[in-house]
Amino acid sequence: MLCWLNRLHGALPAPTGRIAHLRPSSLRRRLALSSQRRIPEFSSFVARTNTCGELRSSHLGQEVTLCGWIQYRRQNVFLVLRDSHGLIQVVIPQDESAASVKKILCEAPVESVVRVSGTVISRPPGQENPKMPTGEIEIKVKTAELLNSCKKLPFEIKDFVKKTEALRLQYRYLDLRSFQMQYNLRLRSQMVMKMREYLCNLHGFVDVETPTLFKRTPGGAKEFVIPSREPGKFYCLPQSPQQFKQLLMVGGLDRYFQVARCYRDEGSRPDRQPEFTQIDIEMSFVDQTGIQSLIEGLLQYSWPSDKDPVVVPFPSMTFAEALASYGTDKPDTRFGMKIVDISNVFRNTEVGFLQDALSKPQGTVKAMCISEGAKYLKRKDIESIRKFAADHFNQEVLPIFLKANRNWNSPVAKSIMEEQRSGLTRLMEIQEDDVVLLTAGEHKKACSVLGKLRLECADLLEARGLVLRDPALFSFLWVVDFPLFLPKEENPEKLESAHHPFTAPHPSDVQLLYSEPEKVRSQHYDLVLNGNEIGGGSIRIHDAELQRYILAELLKEDVKLLSHLLQALEFGAPPHGGIALGLDRLICLVTGAPSIRDVIAFPKSFRGHDLMSNAPDSLPPEELKPYHIQVSWPADSEAEKSSLNQPYCPES
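All of these numbers come straight from a predicted model, not from anything done at the bench.

Looking now at the overall build of the chain. For the chain, the count of helices and strands is 19 helices and 21 strands. Out of the 652 residues belonging to the chain, those deemed buried represent 46%. Approximately 32,900 Å² of the chain is accessible, and the part contributed by carbon and sulfur atoms is 52%.

The next point concerns the packing of helix α6 (residues 179–203) against helix α8 (residues 288–302). At a minimum axis separation of 8 Å, α6 and α8 run at an interaxial angle of 130 degrees. Between α6 and α8, the crossing angle belongs to the class labelled oblique. In this structure, the crossing between α6 and α8 has a hand that is right-handed. Judged by residue contacts, M191, K194, M195, E197, Y198, L199 and L202 of α6 engage L294, G297, L298, L299, Y301 and S302 from α8. By residue class, the composition of the contact of α6 with α8 is nine nonpolar, two polar and two charged.

On to the packing of α6 against helix α17 (residues 583–591). Where α6 meets α17, the axes come as close as 10 Å, and the angle between the chain directions of the two elements is 120 degrees. Taken together, the axes of α6 and α17 lie oblique to each other. Taken as a pair, α6 and α17 cross one another with a handedness that is right-handed. Between α6 and α17, the contacting residues are Y183, N184, L187, R188, M191, V192 and M195 on the first element and L583, D584, L586, I587, V590 and T591 on the second. Residues of the contact of α6 with α17, tallied by class, amount to nine nonpolar, two polar and two charged.

Okay, the environment of T364 next. By the secondary structure assignment, T364 is in strand β13 (residues 363–370). When its relative accessible area of 9% is taken as the criterion, T364 is described as buried. Measuring from C-alpha to C-alpha, the distance between T364 and N344 comes to 9.0 Å, with 20 residues separating the pair along the chain. The contact partners of T364, leaving out residues within four places of it in the chain, are D341, S343, A357, L358, T439, A440, G441, E442, H443 and A446.

Strand order across the open sheet formed by eight strands is β6-β9-β10-β21-β20-β19-β16-β11, with mixed pairing between neighbours. The open sheet is flanked by β6 (206–207) and β11 (316–318), the only strands paired with a single partner. Bridge count for β6 against strand β9 (residues 255–263) is two bridges, and the pairing is parallel. Bridging from a neighbouring strand, V206 pairs with Y256 of β9. Lying on the sheet, α6 is in contact with β6, β9 and β10 (275–284); it crosses β9 at an angle near 150 degrees. Running at roughly 25 degrees to β10, helix α7 (residues 242–250) makes contact with β9, β10 and β21 (576–582) of the sheet.

Read once around its circumference, the closed barrel built from five strands follows the order β1-β2-β3-β5-β4, with strand pairing classed as mixed. The mean inter-strand angle of the sheet, taken between neighbouring strand axes irrespective of direction, is 55 degrees. Of the strands in this sheet, β1 (63–74), β2 (78–83), β4 (113–122) and β5 (137–148) are in contact with helix α3 (residues 99–107), which crosses β5 at around 75 degrees.

Here we come to α17. Burial analysis of α17 places nine of its nine residues in the buried class, the great majority of the element. Packing partners of the buried residues in α17 comprise α6, β10, α8, β19 (524–529), β20 (532–539) and β21. Following α17 by one or two positions, G592 adopts a phi angle in the positive range, close to 75 degrees.

Looking now at unusual backbone geometry. A cis geometry characterises the amide bond from V312 onward to P313, with omega recorded as 0 degrees. When you line up the elements, P313 lands in the loop between α8 and β11. For the bond from A615 to P616, the omega torsion is 0 degrees, close enough to zero to count as cis. Position of P616 relative to the elements: it lies in the loop between α17 and α18 (621–624). The phi angle at M337 is positive, at roughly 55 degrees, despite the residue not being glycine. Relative to the assigned elements, M337 resides in the loop between α9 (319–326) and β12 (339–341). For N394, which is not glycine, the phi dihedral falls at a positive 50 degrees.

Let's shift gears to α6. Helix length check: α6, at 25 residues, gives a terminal C-alpha distance of 35 Å against a target of 36 Å (1.5 Å per residue), a fit within 8%. The complete set of buried residues in α6 reads F179, M181, Q182, Y183, N184, L187, R188, M191, V192, M195, Y198 and L199. Phi turns positive one or two residues past the end of α6, at G204, with a value near 70 degrees.

Tracing the chain through its elements places D509 in the loop between β18 (495–497) and β19. Here D509 falls in the buried class, since its relative accessible area comes to 7%. Every residue in contact with D509, bar those within four places of it in the chain, is listed here: K519, V520 and R521.

This brings us to the pattern of salt bridges. Applying the stated criterion to the full structure yields 35 salt bridges. Between D207 and R196 there is a salt bridge, with its nearest N and O atoms 2.4 Å apart. Of the two residues, D207 sits in strand β6 while R196 sits in helix α6, which places them eleven residues apart along the sequence. A residue is classified by how much of its surface remains accessible, and D207, at 38% relative accessible area, is partly exposed. A salt bridge links E275 to K604, with the shortest nitrogen-to-oxygen separation between them at 2.3 Å.

Conventions used here
- Along each chain, the written sequence defines residue order, and numbers are assigned to residues from 1.
- The predicted origin of the model limits local features to residues at a pLDDT of at least 70 and limits the giving and counting of side-chain atom pairs to 80 or more, whereas totals for whole chains, interfaces and linings rest on all residues.
- Values reported for side chains reflect all heavy atoms of the structure, with hydrogen atoms and water molecules removed beforehand.
- Runs of E in the DSSP output that reach at least two residues are strands. Runs of H or I that reach at least four are helices, and both are numbered from the N terminus.
- Three labels apply to residues, based on accessible area from a 1.4 Å probe with only protein chains included: buried if under 20% of the type maximum, exposed if over 50%, partly exposed otherwise in between.
- Residue burial considers only the protein chains on display, and all accessible areas are found by Shrake-Rupley using a 1.4 Å probe.
- Here the axes come from fitting lines to C-alpha atoms, over the contacting stretch only for helices, and the angles between their N-to-C directions go from 0 to 180 degrees.
- Roughly parallel here means an angle under 35 degrees, roughly antiparallel means over 145, roughly perpendicular means 65 to 115, and every remaining angle is called oblique.
- Crossing chirality is assigned from the near helix's rotation relative to the far helix, an anticlockwise turn below a right angle marking it left-handed and a clockwise turn marking it right-handed.
- Should any heavy atoms of two residues lie within 4.5 Å, those residues are counted as being in contact.
- Each residue gets one of three labels, nonpolar for Ala, Val, Leu, Ile, Met, Phe, Trp, Tyr, Cys and Pro, charged for Asp, Glu, Lys and Arg, and polar for the others, Gly among them.
- Following DSSP output, two strands are said to pair if at least two bridges run between them.
- In this scheme, a helix's expected span is set at 1.5 Å multiplied by one less than its residue total.
- One speaks of a salt bridge when a side-chain nitrogen belonging to Lys or Arg is within 4 Å of a carboxyl oxygen belonging to Asp or Glu.

As structure tokens, then:
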């Protein structure tokens, strides 16, 4: 556990020489030196001389004052003191003259906060602890003060002690004391600071704060609604600063940047947060290549030194290529198992369901090879894979084995292999122990089901001991040339924006807007890391007439909602584009955390609740009255109505 802190502070040299008391003149000199050397001063302005993690043999004989939490105590002779920088062993005095000090240190419960003063001494020979950075020395205590006692803990403050996530979130202030949470949040802080340096100091970006109270935006995710004191009028929390950053470009700011808080009312989603943070960027007079180069440099500059360096430029793939080869627009390129179109192998097949699929306009036959699958996958795994495809996609998936003595092939699969064995083997380079998963149907649906099964199979193989996705490997990928529009799920005859309505069409496809808009590609780009989308952006529409046409004629949106933006575009708006990086997801991947909640100080539960403070909470009617709203209670919740335990629903 301590290696995390070592890596985090490894670039910082340990202070050497005798440590002076913090007199004002001394403090000013030390701060001046610190600013020149760029060495953080962790003990400035506070009632300690050092942190628990910085003392070494070079400090032997020095008088120090330390503050921290009691990590554990051993035989009332030693205790380990912890602060956010590390651990140090403290020797509890045993002589009668120090009885009061011994009483404090022996009776204080674990996790109590104490301040100790004493001398840095060497540990006795043979008692050094090479696993602790401070393992060669200890503190011989002279004075001690109990700053605050700790009552019985709901769980131990140790990373290896398993706690339910609900308990961790309920007592988040205790969970934050763990080394892993300390590492995650400090690494996040360091990366954000490096990003600020790169953008503002090296490339002239302006850090601008945009409003949190805004109005409803057409399209996109559902927004949180905030009542106002004007009857029937509401604010909305912004999904992103999208409109504001475009308006800043109209205002001539040229290069904008913000660590932005964003809000989406997406309900219960396991690994999403109703409020999240993104690195928000916008530039004037830029093209897609310029944005991509900026982000590659930004990540390279801010990347933690304890990880393998980021290699640029990142590879790029079109949306169509990603869907065809990986079945998703955010492919994990750390491993193979690509989807292959084998339609031509089966053009003359007599197998009924394949004939039927290929006879349709978008019909294809797709397959995926699981290398050495016959060695690692059991029959129940294959049945589980087929059931998953049927339940989630209503799609038949056939497993095909080449190895005769391990043949679970269905009669259809057997006839396929007899008929097209050589062509399939040659096209997919199948080996004896491989398993082929085959499906047929409409192109997008067939690719999507195999894309999901690709990840399911990777999970199964890794559970059997294979390593397909190296956790130390960071595989970045740009995905480009997305469609500008998609058919609406509830009404496929109508269009909706694939991302948002301000994305510019691909220059080669502009004329298609007026004849076949469903075929128009966009100037949108996503950044993918290990199968996770960590960023997305686009070149924006800067022509008011084109923006109005897309909103009114193609998307059938009320242009009055965006009259301010349309008007701004008429006043000499420069060409501009931008991107937003999902900071929570990025830090989650960098740290290897199991959830984004592990890299956020005070996250919500997957239902959007704050388990520590019990938010959201109810309000009494007299506090709702100034906002001209009242709670509309479900008919079967009269008991809850009386206790005011339901969140309110705005009504005008």
